[in-house]
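Residue-level structure breakdown
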Amino acid sequence: MGCTVFAMAAVTLVQGLTSQAPATALASTPRGSRAVMYVYDHASLKLRAEDAKRIDQINYAFALIEDGEATGAHWKGIRELTAFLRQHPNVDGVLSVGGWGADGFSQACATEEGRSKLAASILRLMDAHGFVGVDIDWEYPGSSTAGIASSEEDVENWYSLLALLRQGLDERESASGRDYFLSAALGVHQASEIDPSRLNGLLDQAVLMAYDLYGSDRMTGHQSGLYPDGNIPESGAYGVKALISGGLSKSKILLGIPAYGRMWRQVEGEGLGVRAGTSGNRTLNYADVQQLESSGYTRYYDEEAQAAWWYDGANFVSAEDEQSLRFKAQWALDQGLLGTAVWAYAHDSDGTVTRILSGE
């Protein structure tokens, strides 16, 4: 996911956010915040029963937009998902709409009639499959970075779409007596480009996608650093502080965490912060990243950014490990955030990320 480099000084936005020593980060993290997992639809989807005690919510990705309406006609794993939710009623199922490169939002939301049509179709699809919430993943209103249509009116129309969905979910809450959730996925770069105070009255959850901060070009760096490393302001802490400063309640923020790493190839020098022969366009599942040291890589840890990286003299990998995961989980808890949201279940092939974030 593309991110824009901010000109604003990082130190201003992270001022007042607490940090912890690495030793504390490796201690067991107490379970006290919401654990959200994005599950990407695919034909061979299998959900582990043991994960039900570690996950509070599944965001099912993605419904798409066709002819101005939300559709799940392309789904291959929906039966597996709905069966899992029936068997584990403690886990809330939320319908995620959009995703990187998903077109249709700008066109559908350009008119009041179009927004009403789209919102109604999203709520119908949610009801039809027993979901209890909606996650809008429009990447990004007003931008065509992902190859989608955009317009100058997108951001205002995005607020209006969310307001329609909020109204529909509130009506369902009144009728059923149970909670319905409205969520929106936000890029770190969006934090200073939107009005978080307007979102505060609409959203139950804001997923800050604090990953892919590096990887789109040939400069190596921390793709999901919690703190700025002294050269860039993109970081989880930066985005969180910007949202809170803008008026979004911290108790609605989910810190997005990747279960995958990014690899740059044809790297020379010290590895971190240098120009490589490729972008960080190759991804590795969490389990594969943890095997790198057995194949000649050296693991490093940036205490300032609270980020791990691996280097073998030619290939550079930025990813999470146990130390960074435990630190982030504890940090989110200490800051009073709602919790964490992981992209994505398929990258956590053996459930290790889920176990670590749950404090096991």
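Residues numbered from 1 in each chain as written. Predicted model: local features only at pLDDT ≥ 70, side-chain atom pairs only at ≥ 80, totals over all residues. Heavy atoms only, no water.

**Points about the pairing of strand E12 (residues 307-311)**
Convention followed: Working definition: with a 1.4 Å probe on protein chains only, accessible area under 20% of the residue-type maximum means buried, over 50% means exposed, and in between means partly exposed. Helix and strand definitions here come from DSSP, where helices need a minimum of 4 consecutive H or I residues and strands a minimum of 2 consecutive E residues; each element is numbered from the N-terminal end. At least two bridges found by DSSP between two strands is the condition for calling them paired.
Within E12, 5 of the 5 residues are buried, which leaves it mostly tucked inside the rest of the structure. In this structure, strand E11 (residues 298-302) lies alongside E12, joined through 5 bridges in antiparallel fashion. The residue bridging Thr-298 from the neighbouring strand is Tyr-311, located in E12. The loop that links E11 with its antiparallel partner E12 comprises 4 residues; one of these, Gln-306, has a positive phi angle of about 55°. The pairing of E12 with strand E13 (residues 316-319) spans 4 bridges and is classified as antiparallel. The partner of Tyr-311 across the bridge, within E13, is Phe-316. In this structure, the hairpin formed by E12 and E13 is closed by a connection of 4 residues, where Gly-313 is found at a positive phi of approximately 95°.

**As for the pattern of salt bridges**
It is possible for side chains bearing opposite charge to pair when their charged atoms get close. Operational definition: Any Lys or Arg side-chain nitrogen found within 4 Å of a carboxyl oxygen on Asp or Glu counts as a salt bridge.
Per the counting criterion, the structure on display carries 15 salt bridges. Among the ionic pairs, Glu-69 bridges to Arg-124, the shortest N-O distance being 3.6 Å. Here Glu-69 is found in strand E3 (residues 69-71), whereas its partner Arg-124 is found in helix H5 (residues 112-128), with 55 residues between them in sequence. Assessed through its relative accessible area of 47%, Arg-124 is described here as partly exposed.

**Some words on unusual backbone geometry**
Cis rather than trans, the peptide bond between Ala-61 and Phe-62 has omega equal to -5°. Relative to the assigned elements, Phe-62 resides in strand E2 (residues 57-66). If you check the backbone angles, Asp-212 has positive phi at about 60° while not being a glycine. Relative to the elements of secondary structure, Asp-212 occurs in the loop between strand E7 (205-209) and helix H8 (236-245).

**Observations concerning the sheet that holds strand E10 (residues 282-285)**
For clarity, the threshold we go by: Geometry is summarised by axes, namely lines fitted to C-alpha atoms with helices restricted to the contacting stretch, and by angles between N-to-C directions that run from 0 to 180 degrees.
On the basis of which strands lie adjacent, the open sheet formed by 5 strands has the order E10-E9-E13-E12-E11 and antiparallel pairing. Whereas interior strands pair on both sides, the edge strands pair on one side only; in this sheet they are E10 and E11. Averaged over all neighbouring strand pairs, the angle between strand axes comes to 25°, with direction disregarded.

**Describing the nonpolar core**
Across soluble globular proteins, you tend to see nonpolar side chains buried next to one another. Our working rule: Among the buried residues, those of types Ala, Val, Leu, Ile, Met, Phe, Trp, Tyr and Cys that are joined through side-chain atoms within 4.5 Å form a nonpolar core.
Ile-136 and Trp-158 are the most contacted members of the largest nonpolar core, which totals 80 residues. With 14 residues, the next largest nonpolar core counts Tyr-140, Val-207, Met-209 and Leu-254 among its residues.

**Description of the environment of Thr-220**
The following threshold applies: Only heavy atoms matter for contacts: two residues are in contact if any of them lie within 4.5 Å across the pair. Counting of polar contacts relies on pairs of N or O atoms within 3.5 Å, with two restrictions inside protein: one atom must be capable of donating a hydrogen and the other of accepting it, and residues adjacent in sequence are counted only when both atoms are side-chain atoms.
In this fold, Thr-220 is placed in the loop between E7 and H8. Considered as a pair, Thr-220 and Lys-53 are 167 residues apart in the sequence and their alpha carbons are 37 Å apart. Filtering out sequence-adjacent residues up to four positions away, Thr-220 remains in contact with Tyr-214, Trp-264, Val-267, Gly-271, Leu-272, Gly-273, Val-274, Ala-276 and Phe-316. A distance of 2.7 Å separates the side chain of Thr-220 from the backbone oxygen of Gly-271, its partner in a polar contact. From its side chain, Thr-220 meets the backbone nitrogen of Gly-273 in a polar contact 2.8 Å long.

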